[in-house]
Amino acid sequence: MDTFMKQNSILGGLILTLAVTTGVGFHSGKRVSLPLPTQVLTDLAPHPSDSTKFLVASEKEVYLQGENKIWKSLLSLPPSSPPFRKVIAHPHSEETIFALNEDGVLEIRLNNGQSKWIFKTTNPRKNPVHTFALHPENPNQIYVGTERGLFRSEDGGESWLSPFRWPENQRIEFVAFLPSEVPLLLLATKGELFFSKDGGHFFESGFSLPLFSEEELEEFTEEEESVTTLRFTSVALSPQN
């Protein structure tokens, strides 16, 4: 459903299309006008405590749908800042959300609009931020994936352990926790998925994309002659298995 809404929000430009589910299908939808409709929308997320409201990120703003469908701007970035990539609700706090761009991760309080950087890269050009995850049972344990490795905090972002010995100097495409009895940390590099049972101290290879020569790739990418390998672009998690 998130993908459906996100695609419609970006392609629609001025209007978000929301769908309500029952069983396995969409049975109704409604069109919701947004503030500053000229902005490009980049992500949306459910409100952490109110299922009738949601959060929207544009390239430079994060909005909250408030009472009487009035939109409230929670945060604005300077024009020179990289655009927001993602907005995430805190799994254990009804008043906390996070917004991510290439510079780092911002923590935003819904009750007063205050924000602070909990992670900021020291070199956005060479080591931009790509992904972010919180431990589902211990929200003080935070993970940030960058162009050059995985960072971890054990105290809610007050301090950070710089890149793990592995995967050091590797681009992290995705990091998240699989829903299971013992939460498993899932990490994706450009062409391989890894799992960790101990919060990232030790990783096991889960799946690797095969390598292809240019000749073998011709039937897939006739226009991309320089492409020699496949890479992950997104990962989706099943809530059941």
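Use the structure listed above.
How each quantity is defined
Residues numbered from 1 in each chain as written. Predicted model: local features only at pLDDT ≥ 70, side-chain atom pairs only at ≥ 80, totals over all residues. Heavy atoms only, no water. Helix = DSSP H or I, 4+ residues; strand = E, 2+ residues; numbered from the N terminus. Buried < 20%, exposed > 50% of the residue type's maximum accessible area, 1.4 Å probe, protein only. Contact = heavy atoms within 4.5 Å. Phe/Tyr/Trp six-rings, centres within 6.5 Å; stacked < 30°, edge-to-face > 60°. Polar contact = N/O pair within 3.5 Å; in protein donor to acceptor, adjacent residues only side chain to side chain. Pairing = 2+ DSSP bridges. Axes fitted to C-alpha atoms, helices over the stretch in contact; angles between N-to-C directions. Salt bridge = Lys/Arg side-chain N within 4 Å of Asp/Glu carboxyl O.

**Description of the side chain of Thr-131**
Phase 1 of the analysis: With respect to the element layout, Thr-131 can be found in strand 11 (residues 129–134).
Phase 2 of the analysis: The class for Thr-131 is buried, based on a relative accessible area of 8%.
Phase 3 of the analysis: With sequence-adjacent residues up to four places away left out, Thr-131 is seen in contact with Leu-100, Tyr-143, Val-144, Gly-145, Ile-172, Glu-173, Phe-174 and Val-175.

**Focus on the packing of aromatic side chains**
Phase 1 of the analysis: Under the counting rule described, the total for this entry stands at five aromatic pairs.
Phase 2 of the analysis: Note on Tyr-143 and Phe-177: the rings are 5.6 Å apart at their centroids and 65° apart in plane angle, and the pair reads as edge-to-face. Linking Tyr-143 in strand 12 (residues 142–146) with Phe-177 in strand 14 (residues 174–178), this pair joins segments that are 34 residues apart in sequence. Taken individually, Tyr-143 and Phe-177 each receive the classification buried, so the pair is uniform in this respect.
Phase 3 of the analysis: An aromatic cluster of three or more residues is present, and its members are Phe-119, Phe-151 and Trp-160.

**What about the environment of Ser-208?**
Phase 1 of the analysis: Looking at where Ser-208 falls in the secondary structure, it is placed in strand 17 (residues 204–208).
Phase 2 of the analysis: For Ser-208, the contacting residues outside a window of four places in its chain are Gly-191 and Glu-192.
Phase 3 of the analysis: One polar contact links Ser-208 to Glu-192, side chain to side chain, over a distance of 3.0 Å.

**Quick notes on the sheet that holds strand 13 (residues 149–153)**
Phase 1 of the analysis: Spatial ordering of the open sheet is given by 11-12-13, a layout of three strands whose pairing is antiparallel. Strand pairing shows two members of the sheet lacking a second neighbour, strand 11 and strand 13, which therefore form its edges. Neighbour-to-neighbour, the strand axes of the sheet open up by a mean angle of 20°, direction not taken into account.
Phase 2 of the analysis: Where strand 11 and strand 12 come together, five bridges link them in antiparallel fashion. Bridged to Thr-131 within strand 12 is Gly-145.

**Thoughts on the environment of Glu-95**
Phase 1 of the analysis: Within the secondary structure layout, Glu-95 lies in the loop between strand 7 (86–89) and strand 8 (96–101).
Phase 2 of the analysis: Residue Glu-95 is classed as partly exposed on the basis of its relative accessible area of 30%.
Phase 3 of the analysis: In the structure, Glu-95 is positioned 13 residues away from Ile-108 in sequence and 8.3 Å away in space, judged by C-alpha atoms.
Phase 4 of the analysis: Dropping the residues within four chain positions of it, Glu-95 is found in contact with Ile-108, Arg-109, Leu-110 and Asn-111.
Phase 5 of the analysis: Within polar-contact distance, the side chain of Glu-95 engages the backbone nitrogen of Asn-111 at 3.1 Å.

**A few points about the pattern of salt bridges**
Phase 1 of the analysis: This model, assessed by the stated rule, comprises seven salt bridges.
Phase 2 of the analysis: In this structure, Lys-86 and Asp-43 form a salt bridge, with 3.7 Å as the shortest nitrogen-oxygen distance. Of this pair, Lys-86 sits in strand 7 while Asp-43 sits in strand 3 (residues 41–46), and the two are 43 residues apart along the sequence.
Phase 3 of the analysis: The exposure class assigned to Asp-43 is buried, which follows from its relative accessible area of 6%.
Phase 4 of the analysis: Between Glu-147 and Arg-171 there is a salt bridge, and its shortest N-O distance comes to 2.8 Å. Remark: Arg-171 occurs in the loop between strand 13 and strand 14 and Glu-147 occurs in the loop between strand 12 and strand 13; sequence separation between them is 24 residues.
Phase 5 of the analysis: Look at Arg-171 and you get partly exposed, because its relative accessible area is 23%.
Phase 6 of the analysis: Here the salt bridges do not stand alone but share partners, grouping Glu-147, Arg-171 and Glu-173 into one network.

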